[in-house]
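# Chain and residue survey
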Amino acid sequence: GPGRLPAAAGEEGPLEGGPPDHSYSLSSGTTSEELLRKLNEQRDIIALLEVKMKEMKGSIRRLRLAEAQLREEIREKDRLLHAASVGTRKRHGL
């Protein structure tokens, strides 16, 4: 009827009698208001995912910096341990 959208592509034909509709599929009776609501819901989800992705990128960046700092601390401690062990050997005539 008026105000209704045509059936989504692939609604008829071989898919008839197939699995029930998914939340992202459209029935032949989907109104333009329902379609707009679904579209806005999807946009909201995408916006949330983009925010989460940016947060995760920031976390990854901070973790990489922390890892680099820890690796440098380990290298420095290894150098100090090596220098201390060389000094001990020299003092004991080894």
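For the structure, check the block above.
Report follows, based on the coordinates. Everything numeric here is computed off the predicted structure, so don't read it as measured data.

### A short note on the overall build of the chain
The secondary structure content of the chain amounts to one helix and zero strands. In the chain, which comprises 94 residues, the proportion classed as buried is 5%. A total accessible area of about 8,500 Å² is found for the chain, and carbon and sulfur atoms account for 61% of it.

### Some thoughts on a positive patch on the surface
Together, Lys54, Lys57, Arg61 and Arg62 give the surface a local cluster of positive charge. With respect to the helices, strands and loops of the structure, Arg61 is situated in helix α1 (residues 32-91). On the basis of relative accessible area, Arg61 is assigned to the exposed category, the value being 53%.

### Some words on the pattern of salt bridges
Applying the stated criterion to the full structure yields six salt bridges. Note that Lys52 and Glu55 form a salt bridge whose closest N and O atoms lie 4.0 Å from each other. Here Lys52 and its partner Glu55 are both found in helix α1, three residues apart, which amounts to about one turn of the helix. Linked by salt bridges that have partners in common, Glu72, Arg75, Glu76 and Arg79 make up one network.

Reading the values: the criteria
Residues numbered from 1 in each chain as written. Predicted model: local features only at pLDDT ≥ 70, side-chain atom pairs only at ≥ 80, totals over all residues. Heavy atoms only, no water. Helix = DSSP H or I, 4+ residues; strand = E, 2+ residues; numbered from the N terminus. Buried < 20%, exposed > 50% of the residue type's maximum accessible area, 1.4 Å probe, protein only. Areas by Shrake-Rupley, 256 points an atom, 1.4 Å probe, with all protein chains shown as cover. Patch = residues over 30% accessible without salt bridge, like charges linked within 9 Å, V, L, I, M, F, W, Y side chains within 5 Å. Salt bridge = Lys/Arg side-chain N within 4 Å of Asp/Glu carboxyl O. Lys, Arg positive; Asp, Glu negative; His and termini not counted. Charge placed at Lys NZ, Arg CZ, Asp CG, Glu CD.

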